[in-house]
Amino acid sequence: MENNAAHTTGVAQPVRLTPTERQILSFLELHNGRSCTKAQIAVSLGRNKKTIDRLMSHLRAIGLVSSEPAWGEDGGQLANSYRLICLRSSAAPVGVHEPAIR
């Protein structure tokens, strides 16, 4: 039986994003480092919150978005906040390539 798993070569492969994922990244970029919730993103983009939830999970998994838990004064957890992770860092080790986004 043939193994269909991707072979890791250490060279970054292009990351294919859906149009909505690109809109999410643009939204987060426009917020200039300020945190925002999935509900805010959904309303702003006119999308269903479940769609945003699924796409945000993908963006987090590929390292483009970070999630930060938020807590209320009573200690209860509130909606997580999301931020765009900077793709171009001068601190990146030599030989490490950032994923190309298409």
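On a predicted model such as this, the values are computed, not experimentally measured, just so you know.

1. Quick look at the environment of Gln-23
Item 1. Its place among the elements puts Gln-23 in helix α1 (residues 19-30).
Item 2. Separated by 18 residues in the primary sequence, Gln-23 and Ile-41 have C-alpha atoms spaced 9.4 Å apart.
Item 3. Not counting chain neighbours up to four residues away, the residues in contact with Gln-23 comprise Leu-45 and Arg-47.

2. Digging into the nonpolar core
Item 1. Formed by 17 residues in total, the largest nonpolar core has its most connected members in Ile-24, Leu-28, Ile-41, Ile-52, Met-56, Leu-59 and Val-65.
Item 2. Only α1, α2 (38-45) and α3 (49-61) provide two or more residues apiece to this core.

3. Focus: the packing of α1 against α3
Item 1. The geometry of α1 relative to α3 is characterised by a closest axis approach of 10 Å and an angle of 75 degrees between their N-to-C directions. When the interaxial angle is binned, α1 and α3 end up roughly perpendicular. For the pair α1 and α3, the contacting residues are Thr-20, Glu-21, Ile-24 and Leu-25 in the first and Ile-52, Leu-55, Met-56, His-58 and Leu-59 in the second.
Item 2. The class makeup of the residues in the contact of α1 with α3 is six nonpolar, two polar and one charged.

4. A look at the confidence of the model for the protein
For any part of a model where pLDDT is low, the fine detail of the predicted coordinates should not be relied upon.
Item 1. The share of residues in the protein with pLDDT of 70 or more is 72%, and the mean pLDDT across the chain is 78.
Item 2. Within the protein, the element-level pLDDT minimum falls on strand β2 (residues 77-84), averaging 85, and the maximum on α3, averaging 95.
Item 3. In the model, residues 89-100 has pLDDT below 50 throughout and makes twelve contacts with residues more than four positions away in sequence or in other chains.

5. Structural notes on the pattern of salt bridges
Item 1. On inspection of all chains with the given rule, the structure shows two salt bridges.
Item 2. We note a salt bridge from Lys-38 to Asp-53, for which the minimum N-O separation is 2.3 Å. With Lys-38 in helix α2 and Asp-53 in helix α3, this pair connects stretches of sequence that are 15 residues apart.
Item 3. Relative accessible area serves as the criterion here: at 26%, Asp-53 is assigned to the partly exposed category.
Item 4. Across the salt bridge formed by Glu-68 and Arg-83, the nearest N and O atoms sit 2.9 Å from each other. You can see Glu-68 sitting in strand β1 (residues 65-71) and its partner Arg-83 sitting in strand β2, a full 15 residues away along the chain.
Item 5. Given a relative accessible area of 30%, Arg-83 falls into the partly exposed group.

6. Brief notes about the environment of Gly-76
Item 1. On the secondary structure map, Gly-76 appears in the loop between β1 and β2.
Item 2. In this view, Gly-76 contacts Ala-70 and Trp-71; residues no more than four positions away in its chain are not counted.

7. Brief notes about α1
Each α-helix turn comprises 3.6 residues. Residues three or four places apart therefore point the same way.
Item 1. Taking 1.5 Å of rise per residue, twelve residues should cover 16 Å, and α1 covers 16 Å from first to last C-alpha, within 8% of that figure.
Item 2. Of all the positions in α1, only Thr-20, Glu-21, Ile-24, Leu-25, Phe-27 and Leu-28 are classed as buried. Considered in projection along α1, the buried side chains sweep an arc of 160 degrees and stay on one side of the axis. Turned more than 90 degrees off the buried face of α1, the exposed positions are Pro-19, Glu-29 and Leu-30.
Item 3. For α1, the secondary structure elements touched by its buried residues are α2, α3, β1 and β2.
Item 4. Positive phi appears at Asn-32, one or two residues downstream of α1, with a value of about 50 degrees.

The rules behind each value
Residues numbered from 1 in each chain as written. Predicted model: local features only at pLDDT ≥ 70, side-chain atom pairs only at ≥ 80, totals over all residues. Heavy atoms only, no water. Helix = DSSP H or I, 4+ residues; strand = E, 2+ residues; numbered from the N terminus. Contact = heavy atoms within 4.5 Å. Core = buried A, V, L, I, M, F, W, Y, C linked by side-chain atoms within 4.5 Å. Buried < 20%, exposed > 50% of the residue type's maximum accessible area, 1.4 Å probe, protein only. Axes fitted to C-alpha atoms, helices over the stretch in contact; angles between N-to-C directions. Parallel < 35°, antiparallel > 145°, perpendicular 65-115°, else oblique. Nonpolar A, V, L, I, M, F, W, Y, C, P; charged D, E, K, R; others polar. pLDDT = per-residue confidence, 0-100. Salt bridge = Lys/Arg side-chain N within 4 Å of Asp/Glu carboxyl O. Expected span 1.5 Å × (residues − 1). Arc of directions from axis to C-beta.

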